[in-house]
Amino acid sequence: MFRYIVSAFCGFLISTGSFGQNTGRNDILKEISQNNRQLQAYQSFIRSQKLGNKTENNLPDPQASAYYLPFGEHETEDYYEYQISQRFEFPTVYAARSKRIDKQKKLLELEYDAMRQEVLLQAKKELFELQILQQREELEQQRLEQAQQVYKQIQRLFDAEQIGILELNKAKVAWLQQQFELDQIEIEMKNTLMELQKLNGGNPVQADEILFIEDAEVAEMQVLWNEKLSADAEVQMLTALEAVAEQQVKLQKNKILPDLTIGYNYQGVNSTNYSGFLGGLSIPLWNSKNKVRAAKAQLEYVQANAGAETAQFYTRFQENYRQYQLIKQKYEEYRDTFKDLNSEELLFKAYELGEFSFLDYYREVEFYRQAHNKMLEMQKELFQLKAQLLKHQL
């Protein structure tokens, strides 16, 4: 009898075994990416930064000056002069700075993508949490109904003086514990929905029914890592930072070249006047001193830091990948072991037929319930690890 119960319990567990991507969940993630206030605020920040970066390449304002000299001892009429001039950096400086601004723009966009991927990863994990809680709620509701039936049956036996008060109290405690489990899950579901609502900019999330369908395996470790190198915004930011630092070195080298000034000058005295063009250039002795060396030192730091950060990313990636493979293996072992099982229902029938005492029934059913809960926790961890590994696809 017990062997038959174990075999039947497996089928009950495998019904929750498939997992994958869902169109409804993708719609929710898309909605969150549009409504999330943190992302909206960062978009405004990016716009301000882009405009601010562009102003760095503006020409300085033109200068106008005038002289009128009526005082002093002189035989001629009063002297007057005016001048309009425009100063600008060497033309190659503007070209180098424009390229740096473009690379800064790319870096800002990657920072936004990294933030968006992190927000959507958090949302996806919350959706996985909600999925498991929905399964737990349905399961705990069935368990509560069974516990209530058992308590009522024992109450009838107690009223008929066939059992003692101790067994009745144990059945009532088991029923109360099951009520508490269900209440606790409902609270956790409400809290999860609140977290999703917060991520969705305060808008409610319609996530009453989230279903998993079968999904493909993740790629091999090295293939997946190469994919992350080209698509993970957090990793790509390191390359973008290097590009900005390299362009800053080129910009500082160009800024060694002299600034230029052109303009128009007019001078007049005693009905005699002179006018013409003016031109000038700065002598780059002091202003650019050590700036190229400082930019090169900054580039060396960014390159070294990028290497270290990439190595840390790869280490964490390997840890998550191996943990995913381990959990997946254990999860599949659980699923295969408990295939075609329906033990709780069979145990309840056996108890109703008098094949088990209440204590034996409760002990056996608790064993299977804990195993089922453990499998659901492994399923949730498997989902979340896979979401972490595939964050670059969000």
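What you are looking at is a predicted structure, and each value in this text was computed from that prediction instead of being measured.

Moving on: the packing of helix H3 (residues 37-55) against helix H4 (residues 91-159). Where H3 contacts H4, the axes come no closer than 10 Å and their chain directions differ by 175°. As judged from the angle between their axes, H3 and H4 are roughly antiparallel. Taken together, the residues of H4 that come into contact with H3 (itself represented by Gln 38, Leu 39, Tyr 42, Gln 43, Phe 45, Ile 46, Gln 49, Lys 50, Asn 53 and Lys 54) are Ile 101, Gln 104, Lys 105, Leu 108, Glu 109, Glu 111, Tyr 112, Met 115, Arg 116 and Val 119. In terms of residue class, the contact of H3 with H4 is made up of 9 nonpolar, 5 polar and 6 charged.

Time to look at the side chain of Gln 252. Within the secondary structure layout, Gln 252 lies in helix H7 (residues 233-254). Apart from the residues lying within four places of it in its own chain, the contact partners of Gln 252 are Lys 291, Val 292 and Ala 295.

Here the focus is a nonpolar patch on the surface. On the surface, Tyr 82, Ile 84, Tyr 264 and Phe 277 cluster together into a nonpolar patch covering about 460 Å² of accessible area. You can see Tyr 82 is positioned in strand E2 (residues 79-88). By relative accessible area, which is 37% here, Tyr 82 ends up partly exposed.

The subject of this paragraph is the packing of aromatic side chains. In total, this model carries 11 aromatic pairs according to the counting rule given. Seen in terms of ring centroids, Phe 367 and Tyr 368 are 5.2 Å apart; in terms of plane orientation they differ by 75°. Their pairing is edge-to-face. Exposure remark for Tyr 368: the relative accessible area of 1% places this residue in the buried category. Grouping aromatic residues by their ring pairs yields a cluster made of Tyr 80, Tyr 82, Tyr 264 and Tyr 266. For Arg 97, the ring lying beneath its charged end belongs to Tyr 94, and the centroid distance is 5.9 Å.

Sheet analysis places strand E1 (residues 63-69) next to E2, joined by 7 bridges and oriented antiparallel. Paired with Tyr 68 across the two strands is Tyr 80, which belongs to E2. As judged from the 9 bridges shared by E2 and strand E3 (residues 260-269), these two strands associate in the antiparallel manner. Paired with Glu 81 across the strands is Gln 267, a residue of E3.

So, about the pattern of salt bridges. Enumeration according to the criterion identifies 17 salt bridges in this entry. Arg 143 serves as the salt-bridge partner of Glu 140, at 2.9 Å between the closest nitrogen and oxygen. Taken as a pair, Glu 140 and Arg 143 lie in helix H4 at a separation of 3 residues, close to a single helical turn. You can call Arg 143 buried: its relative accessible area is 2%. For the salt bridge of Glu 366 with Arg 369, the shortest nitrogen-to-oxygen distance reads 3.9 Å. A residue pair is termed a helical-turn pair when its members lie 3 or 4 positions apart in one helix, as Glu 366 and Arg 369 do in helix H10 (residues 358-389) at 3 residues. Sharing partners across several salt bridges, the network here consists of Arg 136, Glu 140, Arg 143 and Glu 181.

As a further point, take unusual backbone geometry. The backbone of Asn 290 sits at a positive phi, close to 70°, despite the residue not being glycine. With respect to the element layout, Asn 290 can be found in the loop between strand E4 (272-281) and helix H8 (291-337). The class of Asn 290 is partly exposed, set by a relative accessible area of 44%.

Reading predicted coordinates in detail is not appropriate for stretches of low pLDDT. Averaged over the chain, the pLDDT score is 83; the fraction of residues at 70 or greater is 88%. Mean pLDDT across the elements of the chain bottoms out in helix H1 (residues 2-14) (34) and peaks in H7 (93). Contacts of residues 1-21 to residues separated by more than four positions or lying in other chains number 78 contacts, the stretch itself having pLDDT below 50.

Core analysis: the biggest nonpolar cluster contains 28 residues, and Leu 29, Ile 32, Val 119, Ala 123 and Leu 196 have the highest contact counts within it. Residue assignment for this core shows that the elements contributing at least two residues are helix H2 (23-35), H3, H4, helix H5 (165-199) and H10. The element best represented in this core is H4, accounting for 13 residues. Ignoring anything within four residues of it in the chain, the contact list for Leu 196 reads Ile 32, Ala 123, Glu 126, Leu 127, Leu 130 and Val 205.

We now examine the sheet that holds E4. Within the open sheet, the 4 strands sit side by side as E1-E2-E3-E4. Their pairing is antiparallel. What marks the edges here is a single partner per strand, and that holds for E1 and E4. Going from strand to strand, the sheet's axes swing by 15° on average, the running direction of each strand aside.

Below, the discussion takes up a positive patch on the surface. Residues Lys 99, Lys 103, Lys 250, Lys 253 and Lys 296 make up a contiguous surface patch of positive charge. Going through the elements one at a time, H4 and H7 are the ones with two or more residues in the positive patch. Here Lys 253 is to be found in helix H7. On the accessibility criterion, Lys 253 (45% relative accessible area) is partly exposed.

Here we take up the packing of helix H6 (residues 221-231) against H8. The packing of two helices is summarised by the inter-axis angle and the distance between the axes. The N-to-C vectors of H6 and H8 enclose an angle of 135°; their axes lie 11 Å apart at closest approach. Judged by the inter-axis angle, H6 sits oblique to H8. As H6 packs across H8, the resulting crossing turns out to be right-handed. Where H6 abuts H8, its residues Met 221, Gln 222, Leu 224, Trp 225 and Lys 228 lie against Thr 310, Phe 313, Tyr 314, Phe 317, Gln 318, Tyr 321 and Arg 322.

Look at H5: 51 Å from first C-alpha to last across 35 residues, which is about the 51 Å you get at 1.5 Å a residue. Buried residues of H5: Leu 168, Ala 171, Ala 174, Trp 175, Gln 178, Leu 182, Ile 185, Met 189, Thr 192, Leu 196 and Leu 199, and no others.

Parameters and conventions
- Residues numbered from 1 in each chain as written.
- Predicted model: local features only at pLDDT ≥ 70, side-chain atom pairs only at ≥ 80, totals over all residues.
- Heavy atoms only, no water.
- Axes fitted to C-alpha atoms, helices over the stretch in contact; angles between N-to-C directions.
- Helix = DSSP H or I, 4+ residues; strand = E, 2+ residues; numbered from the N terminus.
- Parallel < 35°, antiparallel > 145°, perpendicular 65-115°, else oblique.
- Contact = heavy atoms within 4.5 Å.
- Nonpolar A, V, L, I, M, F, W, Y, C, P; charged D, E, K, R; others polar.
- Patch = residues over 30% accessible without salt bridge, like charges linked within 9 Å, V, L, I, M, F, W, Y side chains within 5 Å.
- Areas by Shrake-Rupley, 256 points an atom, 1.4 Å probe, with all protein chains shown as cover.
- Salt bridge = Lys/Arg side-chain N within 4 Å of Asp/Glu carboxyl O.
- Buried < 20%, exposed > 50% of the residue type's maximum accessible area, 1.4 Å probe, protein only.
- Phe/Tyr/Trp six-rings, centres within 6.5 Å; stacked < 30°, edge-to-face > 60°.
- Lys NZ or Arg CZ within 6 Å of the ring centre and 35° of its normal.
- Pairing = 2+ DSSP bridges.
- pLDDT = per-residue confidence, 0-100.
- Core = buried A, V, L, I, M, F, W, Y, C linked by side-chain atoms within 4.5 Å.
- Lys, Arg positive; Asp, Glu negative; His and termini not counted.
- Charge placed at Lys NZ, Arg CZ, Asp CG, Glu CD.
- Left-handed = near helix turned anticlockwise from the far one by under 90°.
- Expected span 1.5 Å × (residues − 1).

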